[in-house]
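Examining the three-dimensional arrangement
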Amino acid sequence: MKDLLKIRKRITLIWLIAAAILFVYLIALVGSHPDLAKAAGSWYSTSIMPATGLIIGLWLAVARTGTGNERVHSMAAGLAEAFVYFYIFCLVMPLIGLVGFKGMSFETYFEISQMWLALLQTPTLALLGKIFADKNEAEAPL
């Protein structure tokens, strides 16, 4: 069993840092290539914003209930963190590999990456929801 509050904080911090770095990168990209504004905005809003909104909304929801000494199963916590890390990896590494090394256009990358990111987004968001909605088994009603 792991401390639920620490897991929530770590996942939130990792996600928000990655989202902010990608946001700054896209602002710089659009600044140098204004024609990419629509494609970059669409990619960011579908790939990053759903999880960001979910995390912030779940923090607001659990803020009222308090965050005592709740614990979560290690496997659930590890799985949620692993999916978040893998999702971030799948956001960044293809961007570096396909655009940086293979010379693919940004527009093409933004378009095709939404296919695999959509497949990964559903289980990632589901596991994030589980971690934020989880309660200590000893406190949960039968």
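Calculation criteria
Along each chain, residue indices are assigned from 1 in the same order as the chain's sequence is written. Local features are withheld for residues below a pLDDT of 70 in this predicted model, meaning they are given only at 70 or higher, and side-chain atom pairs are given and counted only at 80 or more; totals for whole chains, interfaces and linings count all residues. Each side-chain value is derived from all of the structure's non-hydrogen atoms; neither hydrogens nor water enter the calculation. You can read pLDDT as the predictor saying how much it trusts each residue, on a scale of 0 to 100. The way it works is that DSSP assigns letters per residue, a run of H or I at least four long becomes a helix, a run of E at least two long becomes a strand, and they are numbered from the N terminus. Should any heavy atoms of two residues lie within 4.5 Å, those residues are counted as being in contact. Interaxial angle, 0 to 180 degrees, is taken between N-to-C directions of lines fitted to C-alpha atoms, where a helix line uses only the stretch in contact. When describing relative orientation, an angle under 35 degrees is termed roughly parallel and one over 145 degrees roughly antiparallel, while 65 to 115 degrees is termed roughly perpendicular and anything else oblique. In this count, Pro and Cys sit with the nonpolar residues alongside Ala, Val, Leu, Ile, Met, Phe, Trp and Tyr, while Asp, Glu, Lys and Arg are called charged and the others, Gly among them, polar. The length a helix should cover is 1.5 Å for every residue beyond the first. We call a residue buried when its accessible area falls under 20% of the maximum for its residue type, exposed when it is over 50%, and partly exposed in between, using a 1.4 Å probe and counting protein chains only. Criterion for a salt bridge: a side-chain nitrogen of Lys or Arg within 4 Å of a carboxyl oxygen of Asp or Glu. Candidate patch residues must exceed 30% relative accessible area and have no salt bridge, after which like charges are joined if within 9 Å and Val, Leu, Ile, Met, Phe, Trp or Tyr side chains if within 5 Å. Each accessible area is a Shrake-Rupley estimate made with a 1.4 Å probe; only the visible protein chains count as cover when residues are assessed. For the purposes of this section, nonpolar cores are sets of buried Ala, Val, Leu, Ile, Met, Phe, Trp, Tyr and Cys residues that join through side-chain atoms within 4.5 Å.

Describing the confidence of the model for the protein
With 91% of its residues at a pLDDT of at least 70, the protein reaches an overall mean of 86. Ranking the helices and strands of the protein by mean pLDDT puts helix α2 (residues 37-47) first, with 93, and strand β2 (residues 71-72) last, with 73. Every residue in residues 136-142 scores below 50 in pLDDT, and together they form five contacts with partners more than four places removed in sequence or on other chains.

Some remarks on the environment of A80
With respect to the secondary-structure elements, A80 resides in helix α4 (residues 74-101). A sequence separation of 49 residues divides A80 from G129, and the C-alpha atoms of the two residues are 9.2 Å apart. Among residues more than four places away in sequence, those in contact with A80 are I11, L127 and I131.

Regarding the environment of I48
Of note, I48 is situated in the loop between α2 and α3 (49-63). Once residues lying within four places of it in the same chain are set aside, the contact partners of I48 are W15, A19, L22, W43 and L91.

Brief notes about the packing of helix α1 (residues 4-32) against α4
Relative orientation of the contacting elements α1 and α4 amounts to 10°, with a least axis distance of 10 Å. The angle between α1 and α4 places the two elements in the roughly parallel class. Residue-level contacts link I7, R10, I11, I14, W15, A18, L22 and Y25 of α1 to A77, A80, E81, V84, Y85, Y87, I88, L91, V92 and L95 of α4. Residues that form the contact of α1 with α4 fall into these classes: 16 nonpolar, no polar and two charged.

Digging into α1
Over its 29 residues, α1 extends 42 Å from the first C-alpha to the last, a length consistent with the 42 Å expected when each residue adds 1.5 Å. Restricting attention to buried positions, one finds in α1 the residues L4, I7, R8, I11, T12, W15, A18, A19, L22, L26 and L29. For α1, the elements touching its buried residues are β1 (2-3), α2, α3, β2, α4 and α5 (106-133).

Some thoughts on the pattern of salt bridges
Under the counting rule described, the total for this entry stands at one salt bridge. Between R10 and E81 there is a salt bridge whose closest N-O contact spans 2.6 Å. On the criterion of sequence distance, the pair formed by R10 in helix α1 and E81 in helix α4 is long-range, its members being 71 residues apart.

A look at a nonpolar patch on the surface
Taken together, the side chains of F86, F89, M93, I96 and F101 present a nonpolar region at the surface, about 550 Å² in accessible area. Relative to the helices and strands, I96 is located in helix α4.

Details of the nonpolar core
Within the largest apolar cluster, 37 residues are counted, with the highest numbers of intra-cluster contacts made by W15, W43, L91, F110 and I131. When contributions to this core are tallied by element, the ones reaching two or more residues are α1, α2, α3, α4 and α5. Per-element accounting of this core gives the leading share, 10 residues, to α4.

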